[in-house]
Amino acid sequence: MAIYRTSHRRSVSHCHVRPHPVGPCDSREWTRAERQQERALVASLHPNVVEVRAPSRKYNCHGYAFARAHGLFEFPDLFIVDDFSQVPTEEARIGDVLVYEDEEGEFTHSGFVKEVIDGEITKLRSKWGKVAAYVHDPLDVDPSFGTPTRLLRRHRRRRTATAIR
Amino acid sequence: MEQKSLSPEVIHTMIAHLADHKVNFRIDLASTTHVAKRIIQSLPGVQELRENGPQVEQTLVALLQNEATLDNDNLTSISLHILEKYPTERVKLALAKPIVARRFTGFNAQLAAEAFLKAAGIHALRKDAIKIALREARKIVASNPPKMNVQEKQEPKARATFHRKKSLILKK
C-alpha cells in the first residue's frame, strides 16, 4: 500500500479497492449497471445536484478533498492540521475546502468551494461516499453529513501532501 | 417503559424492507464508517430492531450465516449495526468465523469487528478494531474446530476395522 504523507511528513492511514482489501475498503469497483442504479437513486433524492465524476468506491470525500482522489481516508485530521489553515467563511475563495461535522465533532464530509457569491458559498464540489462527485448547494446533502463548520485553505509555501510508492 | 416484543413475522417483514436497495442505498452516501452508522440508524425500523430483544438477534445471526446476505453489503451493514446492540456469546461465535475468513469487506469489516469485540468484552480503539478482532476471532475459531458430521465420524472407524482385518490375515 502506498504511503500518503502530509506536508509535515506524517503518514495518513488509508486504503484502496482490491480483491483482498484492508478495511474499510471494498473488494471491487461498481459494475456499470450498479453505477447507473446509484445515479438514479441519488437523482431521486437530490434532483438539483450535477454529477462531475462517476460513482466510484475507490475514494471518498476526504480522499477527494485532501489527497487528489488517492484512496479512502477515514480520518482527515492530520491533513487539516498540517496542510491547511482555517479561514472565516465570509472570506471563502474557489478551491478552499469546506468541512462538515456532526454533533459529536466527527468530520463527516468535505468538499471544494466551487462558487462564492457576495461572500457566501453557493456551490460546492464534493464526492459523496461511494457514489459520484457532485456540484451542489452546500446544504443539499444527506442529513447524516452534519453541518458545514469550518473553511480551510491549503498552505501555499509548504510542500504539499504526497503519495510515496 | 418496556417495549413489546415483535413477532418473528414482523421482524422478517422489517428486515425484508431494509434489504430493499431503494431503502438502504443511502448507506452508499457515507464516506466513513461513522457516517454509515448514522445513516443506518436513521433507516426505518433500525432503532426498534436494536431495542427489541433476543428474537431479533437470533434472526440476524441466522441471516448472516447465509452467503446471499453477505453478498448484499448494505443488508450486512444493517445487520451488523443492529447486532452491535446485542453483545452475546452467540453473536461472538457467529461473527468469529466470517471475520477469520475475511468475508466482511468495506465498512462491514469495521462494523463486524466492533460488534464482535463488544460481544467478546474486548475494548479497542476504533482504528485498531479490525486488527484486534481478527486476532481474537482466530483464537476462537482455533479452539472451536468445525464439528464433524456423522458420516465423517464413522469413516475413520471403518478404515481401522479394515486395517485390523488385513493385519490378522497377514499373521496367518
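See the structure above.
All of the points below concern the structure found in this document. (Residues numbered from 1 in each chain as written. Chains lettered and ligands numbered in written order. Predicted model: local features only at pLDDT ≥ 70, side-chain atom pairs only at ≥ 80, totals over all residues.)

Helix and strand counts for chain A stand at three helices and nine strands. The C-alpha atoms of chain A give a radius of gyration of 16 Å, which matches the 15 Å a tight globule of 165 residues would have. Overall size of chain A, expressed as C-alpha extent along the three principal axes, is 40 × 40 × 30 Å. Buried residues in chain A amount to 41% of all 165 residues. Long-range pairs, those at least 24 residues apart, make up 60% of the contacts in chain A with a sequence separation of at least 6. (Helix = DSSP H or I, 4+ residues; strand = E, 2+ residues; numbered from the N terminus. Rg over C-alpha atoms; globule rule 2.2 N^0.38 Å. Buried ≥ 20, exposed ≤ 12 C-beta atoms within 10 Å, placed from the backbone. Contact = placed C-beta atoms within 7 Å.)

Residues and elements named next belong to chain A. The strand order across the open sheet built from seven strands is S2-S7-S6-S5-S4-S8-S3, with neighbouring strands paired in antiparallel fashion. Edge positions in the open sheet fall to strand S2 (50-53) and strand S3 (84-87), since each of these has one partner strand only. Recorded for the sheet is a direction-independent mean angle of 40 degrees between the axes of neighbouring strands. Sheet analysis places S2 next to strand S7 (residues 133-136), joined by three bridges and oriented antiparallel. For Val-50, the partnering residue across the bridge sits in S7 and is Val-135. (Pairing = 2+ DSSP bridges. Axes fitted to C-alpha atoms, helices over the stretch in contact; angles between N-to-C directions.)

Each partner contributes residues to the interface: chain A has 23 residues there, and chain B has 21 residues. Elements with a contribution of two residues or more to the side of chain A that touches chain B: helix H1 (32-45), helix H2 (61-66) and strand S5 (107-117) of chain A. The class makeup of the residues in the side of chain A that touches chain B is seven nonpolar, nine polar and seven charged. (Nonpolar A, V, L, I, M, F, W, Y, C, P; charged D, E, K, R; others polar.)

Residue and element names in this part refer to chain A. Where S5 and strand S6 (residues 120-127) come together, five bridges link them in antiparallel fashion. What sits directly across from Ile-117, in S6, is Glu-120. Linking S5 to S6, which pair antiparallel, is a turn of two residues; within it Asp-118 sits at a positive phi near 50 degrees. The antiparallel pairing of S6 with S7 creates a hairpin that spans five residues between the two strands, and Gly-129 there sits at a positive phi of about 50 degrees.

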